[in-house]
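# Topology and contacts: notes
What follows is the residue order along each chain.
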Amino acid sequence: MSWGLQNLPFFDSQHFTLAEKLQRWIEANRDILGQHPESNFGPYAKEMLGSLSAAGFLDYVLPKASGADVAPPDVRSICIIREALTYESFLADNMFVMQGLGTAPLWQHHDHAMRDAVIEATRQGKRIAAIALTEPDAGSDLASAQTTADLDGDSYVLNGEKCWITNAGIADQYIVVARTGEAPGARGLSAFMVDADTPGLTITPDVPMIAPHPLGSLKFENCRIPANNILGGAGTGFKAAMATFDVFRPSVGAAAVGAARRAMDETIARVKSRRMFGKTMSEMDTVQAKIADMTVETEAAALMVYRAAWASDVLGGRVSRESAMAKLMATEAAGRVIDSAVQLFGGLGVARGSVVEQLYRDIRPTRIYEGASEVQKVVIARATLR
Ligand SMILES: Cc1cc2nc3c(=O)[nH]c(=O)nc-3n(C[C@H](O)[C@H](O)[C@H](O)COP(=O)(O)OP(=O)(O)OC[C@H]3O[C@@H](n4cnc5c(N)ncnc54)[C@H](O)[C@@H]3O)c2cc1C
């Protein structure tokens, strides 16, 4: 994959070095990147995380912590890595990003020993992380979550259900947002760290999705966890979830850009070689127009993604609007680019197992998770009108 990062103003020399290192790692790891398990994701996850960790890539998605200080991750680096990974494999990308997304509310935890131990084991790929927000009756509207966490002596007791949880069944730990009731709605939610083997937690793994993705449901029945496992104080769970999204939403956009770039490369090779009506497809005006549209969409999406990542890294503060714009624009654009790729491939584009067919299935959920496109529009409009 070639990025042309040097042509954009958002990067430092460390990013160019990272991009080169990624390319070398990809060449050396084609075997595992080529694996596409449909279920029983555990062995794949361990192997992939071991390799990502050994190469030092998980360092980018988990912060360096020392005492009270936690260095925030470099969002541009996370985006570069995700873009490169989805070019090869959405599953590899999932393994990478969930280690960060599934620990982010823990990064500011007051118990530094616990925080550091979990982060280190996650960085080494020895523990698999997950985050559980969504419930059967609370997806886009997280503020209406009904799972409860009641303080009882030196424990919290959790009851309720979570669904569509990535890594359910293979994760060692879940960050769970549950209602502690300080206030109605969003301000009555708190985040907790729950070990996968805690009694009272039942996991139903491997809900089959449109494209292979480790995912399942959690059920809490009088699930007792230490009171110390509350993260960031009672009533701050919703805020922690939104701050996590601010960091990671641009990177969903980056993942979409990687998929769009792959679809572009596959399509360019195809239209240059496929002949019809006495010429190659690439010589036909209407095909060229489609290629032009795909190029503009992909490059515009990349600009939006790296602008948001740069704003997060360099300007600092909350970048909710930029992050939402990056996620919205890039995932919608990638959907259109990949759809065009499928169209230009003809029958081969919808044949099970072709690269563009796989991308067509892989890209669809990106417009739904971490806030559906409509939710991003709410975030953008509110910030703009403010
Ligand atoms: C592959 C995958 C992985 C996931 N991983 C996780 C995970 O690790 N952890 C986790 O907690 N959750 C996860 N989810 C769940 C995901 O976050 C939810 O699916 C998402 O938030 C949408 O919630 P919902 O499915 O309940 O849909 P609903 O909330 O019922 O929304 C349905 C649709 O309503 C529309 N809509 C929503 N809000 C508005 C609005 N304000 N205005 C107009 N229309 C609107 C959108 O089109 C939306 O798609 C995952 C989902 C998928 C598909």
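Just so you know, these numbers come straight off a predicted model, no measurement behind them.

Parameters and conventions
Residues numbered from 1 in each chain as written. Predicted model: local features only at pLDDT ≥ 70, side-chain atom pairs only at ≥ 80, totals over all residues. Heavy atoms only, no water. Core = buried A, V, L, I, M, F, W, Y, C linked by side-chain atoms within 4.5 Å. Buried < 20%, exposed > 50% of the residue type's maximum accessible area, 1.4 Å probe, protein only. Contact = heavy atoms within 4.5 Å. Helix = DSSP H or I, 4+ residues; strand = E, 2+ residues; numbered from the N terminus. Phe/Tyr/Trp six-rings, centres within 6.5 Å; stacked < 30°, edge-to-face > 60°. 1 Å grid on protein atoms, 1.4 Å probe; cavity = no way out; pocket = protein on both sides within 12 Å on 5 of 7 lines; lining within 4 Å. Points joined across faces, edges and corners; volume = space filled by probe spheres on them. Nonpolar A, V, L, I, M, F, W, Y, C, P; charged D, E, K, R; others polar. Near = heavy atom within 4 Å. Polar contact = N/O pair within 3.5 Å; in protein donor to acceptor, adjacent residues only side chain to side chain. Areas by Shrake-Rupley, 256 points an atom, 1.4 Å probe, with all protein chains shown as cover. Sits in = over half its atoms within 2 Å of the grid points. Domains from an automatic or database assignment. Patch = residues over 30% accessible without salt bridge, like charges linked within 9 Å, V, L, I, M, F, W, Y side chains within 5 Å. Salt bridge = Lys/Arg side-chain N within 4 Å of Asp/Glu carboxyl O. Buried area = accessible area lost by both parts, 1.4 Å probe.

## What to know about the nonpolar core
Among the nonpolar cores identified, the biggest contains 111 residues, and Phe-96 and Tyr-174 are the most heavily contacted of them. Those residues in contact with Tyr-174 that lie beyond four places of it in its chain are Ala-130, Ile-165, Asn-167, Ala-168, Gly-169, Phe-192, Met-193, Val-194, Ala-196, Leu-201, Ile-203 and Leu-218.

## Observations concerning the side chain of Thr-147
As for its position among the elements, Thr-147 is in the loop between strand S3 (129-132) and strand S4 (148-152). Setting aside its immediate chain neighbours within four residues, Thr-147 contacts Glu-135, Asn-159, Gly-160, Glu-161, Lys-162, Ala-178, Arg-179 and Phe-220.

## A look at the packing of aromatic side chains
Counted by the stated rule, this structure contains six aromatic pairs. Ring geometry for Phe-10 against Phe-11: centres 6.5 Å apart, planes inclined by 85°, an arrangement best described as edge-to-face. Residue Phe-11 is classed as buried on the basis of its relative accessible area, which comes to 9%. Look at Phe-10 and Trp-310: their rings are 6.3 Å apart centre to centre, the planes differ by 50°, and that puts the pair in the tilted class. Of this pair, Phe-10 sits in the segment before helix H1 (13-28) while Trp-310 sits in helix H8 (residues 285-315); the two residues are 300 residues apart in sequence, bridging distant segments of the chain. Here Trp-310 falls in the partly exposed class, since its relative accessible area comes to 28%.

## As for the environment of Asn-222
Positionally, Asn-222 belongs in strand S9 (residues 215-226). Through-space distance from the C-alpha of Asn-222 to that of Asp-150 is 9.6 Å; in sequence the pair is 72 residues apart. Excluding anything up to four places from it in sequence, Asn-222 contacts Val-157, Leu-158, Asn-159 and Pro-199.

## Quick notes on the layout of surface pockets
Estimated volume of the largest pocket: approximately 1500 Å³. Forming the walls of the largest pocket are 49 residues, and the residues nearest its centre are Phe-245, Ile-368, Tyr-369, Glu-370 and Gly-371. Put simply, the parts of the chain that give the lining of the largest pocket at least two residues each are helix H5 (90-101), strand S5 (155-166), helix H7 (237-273), helix H9 (320-345) and helix H11 (373-385). Here the residues of the lining of the largest pocket sort into 28 nonpolar, nine polar and 12 charged. Here the second largest pocket is characterised by a volume of approximately 680 Å³. Contributions of two or more residues to the lining of the second largest pocket are made by strand S2 (69-71), H7 and H8. Sorting elements by how many residues they give to the lining of the second largest pocket places H7 first, with seven residues. For the lining of the second largest pocket, the residue count by class is 14 nonpolar, seven polar and five charged.

## Brief notes about unusual backbone geometry
Residues other than glycine seldom take positive phi values, yet Trp-164 does so here, at roughly 55°. By the secondary structure assignment, Trp-164 is in strand S5.

## Here we look at the site of the ligand
The local shell around the ligand holds 20 residues, among which Leu-133, Thr-134, Ser-140, Trp-164 and Thr-166 are the closest. Here a nitrogen atom of the ligand and a backbone polar atom of Ile-131 are 2.8 Å apart. Relative to its unbound accessible area of 980 Å², the ligand is 66% covered by the protein chains. Under a 2 Å grid-point criterion requiring more than half of the atoms, the pocket assigned to the ligand is the largest pocket. Those elements that place two or more of their residues in the shell around the ligand are S3, S5 and H11. Each of two domains, domain 2 (129-236) and domain 3 (239-385), supplies a minimum of three residues to the shell around the ligand.

## A look at a nonpolar patch on the surface
A cluster of nonpolar residues, Trp-164, Met-209 and Ile-210, forms a patch on the protein surface that exposes about 310 Å² of accessible area. Note on placement: Met-209 falls in the loop between strand S8 (201-204) and S9. Take Met-209: its relative accessible area is 35%, and that puts it in the partly exposed class.

## Considering the domain arrangement of the protein
According to the domain assignment, the protein consists of domain 1 (5-123), domain 2 (129-236) and domain 3 (239-385). Contact residues are listed per partner, giving seven residues for domain 2 and 11 residues for domain 3. For the domain 2 face of the interface with domain 3, the top three residues by lost area are Ile-210, Ala-211 and Thr-236, together amounting to 50%. Scanning the region where domain 2 abuts domain 3 turns up zero salt bridges. One can count three residue pairs in polar contact (both at pLDDT 80 or more) joining domain 2 with domain 3.

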